[in-house]
Structure formats: structure tokens, C-alpha cells
Amino acid sequence: MAYQPKHDNDDHNRRLYNPYQDLQIPIQTLYQLPTSPEYLFSEHSIKKRRSWSENLVYYTGACYLAGSLAGAAKGLVDGVRASEPGDTMKLRVNRILNGSGHEGRKFGNRAGVIGLLYSGMESGVEKIRDTDDIVNSVVAGLGTGAVYRAAAGVRSAAVAGAVGGVVVGLAVVVGLAVAAKQVVKRYVPNLPI
């Protein structure tokens, strides 16, 4: 039997096999897939919050990323400002890349340490108080600022602690305002916001 070359018309005449063709029910019903998270221990399902290790990873990573991006932006601006009229394009790009990398690492490491301190303090305060509310976040912000600047002296630590507490407090208030706006938009649709 000789080899028959495949023609484009053969694809149109063939029917693809579909194992679910005769089933008239949705696949989710067929397999009964869970729609909520599953937990190993039942007491974990009661909590509506991340664990201390999840917070540690989340805050440290988010702060490191934000700090790295801010530092890279500052390094970019510094690299552009440092260029001189006689520089070649290769030299300008090299200055920008070096400045962005250096400042990005520096700011990222500092912000990552702040995120690490904050997550540890927030989890510690929550464990001590045995409750989860806004006070934990503000106290963790106060403590983070104070510990981060403790080596610079008492006055510097007090100022940094106050700044940390105010920043976290403002972030919480803004977050609550955004959440309230979303609730109002959802449940009171005719209200102009």
C-alpha cells in the first residue's frame, strides 16, 4: 500500500472525540469540586487571617519589591543627572544601569528589613492580645519605627516610631475608606459616589 499524502480536506471530514459529549450536566456537578479553601485542622478554618509565617513572607517580599522599584527609579534619575555632554550612549546607559542596580538593592534591603520587623511585631502583638484589630497594626508600626532607628539614638527612635505608627494608622484608615466605598457601591447602587 502506497503512502497517501494528507490533504487539508481530511481535517474537515474528521470529527474530534469529546468524552463529555453525551453528558448534559456541568463538570463541576459531575466531580463536585470544592469551592472553599480546605484546611488540615478545623481551627484553621475559623481564622480569617494569614498565619505569622505567611505574613512574614508577604510583608517582607512586598516591601522588598516596593523598595527595589523606588530605589531603581531614584538610581535612574541620578544616572540621567550624572551624564555629561561628551558621554557616549553606552556610557550613559552604563551609569543608569549601575545607579539603578545599586540604589535598588540598597532601598530594597532597607524596606525588606522594615517589612520583616513589622510582620514579626504585628504577629507578636496579635499573639499577646489574642485579638486581631487595628490596634495591632498601629502598635506594630510604632515598634517597627522605633526598633529600626534604635541605633541612631533615643530621640531618633521615638520620632521614627511615631512616624511608623502614623503611617500605618493612615494606611488603615485609607483601607477602611476604600472598603466602605466598595460596600456602599455594592449595596446602595443609586448613591452617586
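Thresholds applied
Position labels on residues start from 1 in each chain and follow its written sequence. The model is predicted, so local features are restricted to residues of pLDDT at least 70 and side-chain atom pairs to those at 80 or more, both for listing and for counting; the totals for chains, interfaces and linings are taken over all residues. Hydrogens and waters are ignored; side-chain quantities use all the structure's heavy atoms. Only DSSP runs of H or I reaching four residues or more are called helices, and only runs of E reaching two or more are called strands; each is numbered from the N terminus. Accessible area is worked out with a 1.4 Å probe on protein chains only. A residue is then buried under 20% of its type maximum, exposed over 50%, and partly exposed in between. Whether two residues touch is decided by their heavy atoms; if any such pair falls within 4.5 Å, the residues are in contact. Shrake-Rupley sampling with a 1.4 Å probe provides the accessible areas, and residues are treated as covered by the protein chains on show and by no other component. Put simply, a salt bridge is a Lys or Arg side-chain nitrogen that is within 4 Å of an Asp or Glu carboxyl oxygen. Each patch is assembled from residues with relative accessible area greater than 30% and no salt bridge, linking like charges that lie within 9 Å and nonpolar side chains (Val, Leu, Ile, Met, Phe, Trp, Tyr) that lie within 5 Å. Pairing of N or O atoms within 3.5 Å defines a polar contact, subject to two protein rules: one partner must be a possible hydrogen donor and the other a possible acceptor, and residues neighboring in sequence count only if both atoms are side-chain atoms. Classification of ring pairs rests on two measures: the distance between centres of Phe, Tyr or Trp rings, Trp counted by its six-membered ring, which must be within 6.5 Å, and the angle between planes, read as stacked under 30 degrees, edge-to-face over 60 and tilted in between. An axis is simply a line fitted to the C-alpha atoms; with a helix, the fit covers only the stretch in contact. Between two such axes, the angle follows the N-to-C directions and lies from 0 to 180 degrees. Each angle receives one of four descriptions, namely roughly parallel if under 35 degrees, roughly antiparallel if over 145, roughly perpendicular if within 65 to 115, and oblique otherwise. Take the far helix as the reference: if the near one is turned anticlockwise from it by less than a right angle, the crossing is left-handed, and if turned clockwise, right-handed. In this count, Pro and Cys sit with the nonpolar residues alongside Ala, Val, Leu, Ile, Met, Phe, Trp and Tyr, while Asp, Glu, Lys and Arg are called charged and the others, Gly among them, polar.

Q: How should the overall build of the chain be read in this particular structure?
A: When helices and strands are counted, the chain shows seven helices and zero strands. Ordered by position from the N terminus, the helices and strands of the chain form the series α-α-α-α-α-α-α. Burial status across the chain gives 18% buried among its 193 residues. A separation of at least 24 residues holds for 53% of the contacts in the chain among residues at least 6 apart in sequence. As presented, the chain carries roughly 15100 Å² of accessible surface, and 63% of it is formed by carbon and sulfur atoms.

Q: What is the right way to look at the pattern of salt bridges in this model?
A: Side chains that differ in charge, positive against negative, can pair when their charged atoms come close. Using the criterion set out here, one finds five salt bridges in the structure. With a closest N to O distance of 2.8 Å, Asp78 and Lys74 form a salt bridge. With a gap of four residues between them, Asp78 and Lys74 both fall in helix 4 (residues 52-82), about one helical turn apart. Assessed through its relative accessible area of 31%, Asp78 is described here as partly exposed. Residues Lys106 and Glu103 are paired through a salt bridge, measuring 3.5 Å at the closest nitrogen-oxygen approach. With Lys106 and Glu103 both in helix 5 (residues 89-129), this residue pair falls three residues apart, about one helical turn. The network of salt bridges with shared partners includes Lys74, Asp78, Glu103 and Lys106.

Q: Even after reading the chapter, I still don't get a nonpolar patch on the surface, so can you show me in this structure?
A: Among the surface-exposed residues, Met89, Val93 and Leu97 lie close enough to one another that they form a single nonpolar patch of about 320 Å² accessible area. Tracing the backbone shows Val93 in helix 5. On the accessibility criterion, Val93 (39% relative accessible area) is partly exposed.

Q: Could you clarify how one ought to interpret the side chain of Ser100 in this entry?
A: Relative to the helices and strands, Ser100 is located in helix 5. Aside from chain neighbours lying at most four places away, what touches Ser100 is Gly71, Ala72, Gly75 and Leu76.

Q: What is the right way to read the environment of Arg92 from this model?
A: Along the chain, the position of Arg92 falls in helix 5. Excluding its chain neighbours within four sequence positions, the residues that come into contact with Arg92 are Ser83, Glu84, Pro85 and Asp87. A polar contact is formed between the side chain of Arg92 and the backbone oxygen of Glu84, at a distance of 3.3 Å.

Q: For this particular structure, what's the right way to read the packing of aromatic side chains?
A: How two aromatic rings sit relative to each other is given by the distance of their centres and the angle of their planes. According to the stated counting rule, one finds two aromatic pairs in the structure shown. Ring centres of Tyr58 and Tyr59 lie 5.4 Å apart, and the angle between their planes is 65 degrees; this geometry places the pair in the edge-to-face category. Here Tyr59 and Tyr118 contribute two aromatic rings whose centre-to-centre distance is 5.1 Å and whose plane-to-plane angle is 90 degrees, an arrangement assigned as edge-to-face. One end of the pair, Tyr59, is in helix 4; the other, Tyr118, is in helix 5, and 59 residues separate them in sequence.

Q: Help me out: how do you make sense of the packing of helix 4 against helix 5 in this one?
A: The description of two helices packed together rests on the angle between their axes and the distance between the axes. Where helix 4 contacts helix 5, the two axes come as close as 5 Å, and the packing angle between them is 155 degrees. One way to sum up the angle between helix 4 and helix 5 is to call them roughly antiparallel. The handedness of the crossing between helix 4 and helix 5 comes out as right-handed. Broken down by class, the residue content of the contact of helix 4 with helix 5 amounts to 15 nonpolar, 16 polar and four charged.

Q: Just checking my understanding: could you explain unusual backbone geometry for this structure?
A: Among all residues save glycine, negative phi is the norm, and among peptide bonds the norm is trans. One non-glycine residue, Asp130, lies in the positive phi region at around 55 degrees. As for its placement among the helices and strands, Asp130 is situated in the loop between helix 5 and helix 6 (134-148).

Q: Could you clarify how one ought to interpret the packing of helix 6 against helix 7 (residues 154-187) in this entry?
A: Close contact between helix 6 and helix 7 brings their axes to 6 Å; oriented N to C, the two are set at 150 degrees. Taken together, the axis directions place helix 6 and helix 7 in an arrangement best described as roughly antiparallel. In this structure, helix 6 crosses over helix 7, and the sense of that crossing is right-handed. Counted together, Ile134, Ser137, Val138, Gly141, Leu142, Gly145 and Ala146 of helix 6 and Ala157, Ala160, Gly161, Ala162, Gly164, Gly165, Val168, Gly169, Val172 and Leu176 of helix 7 form the full contact between these two elements.

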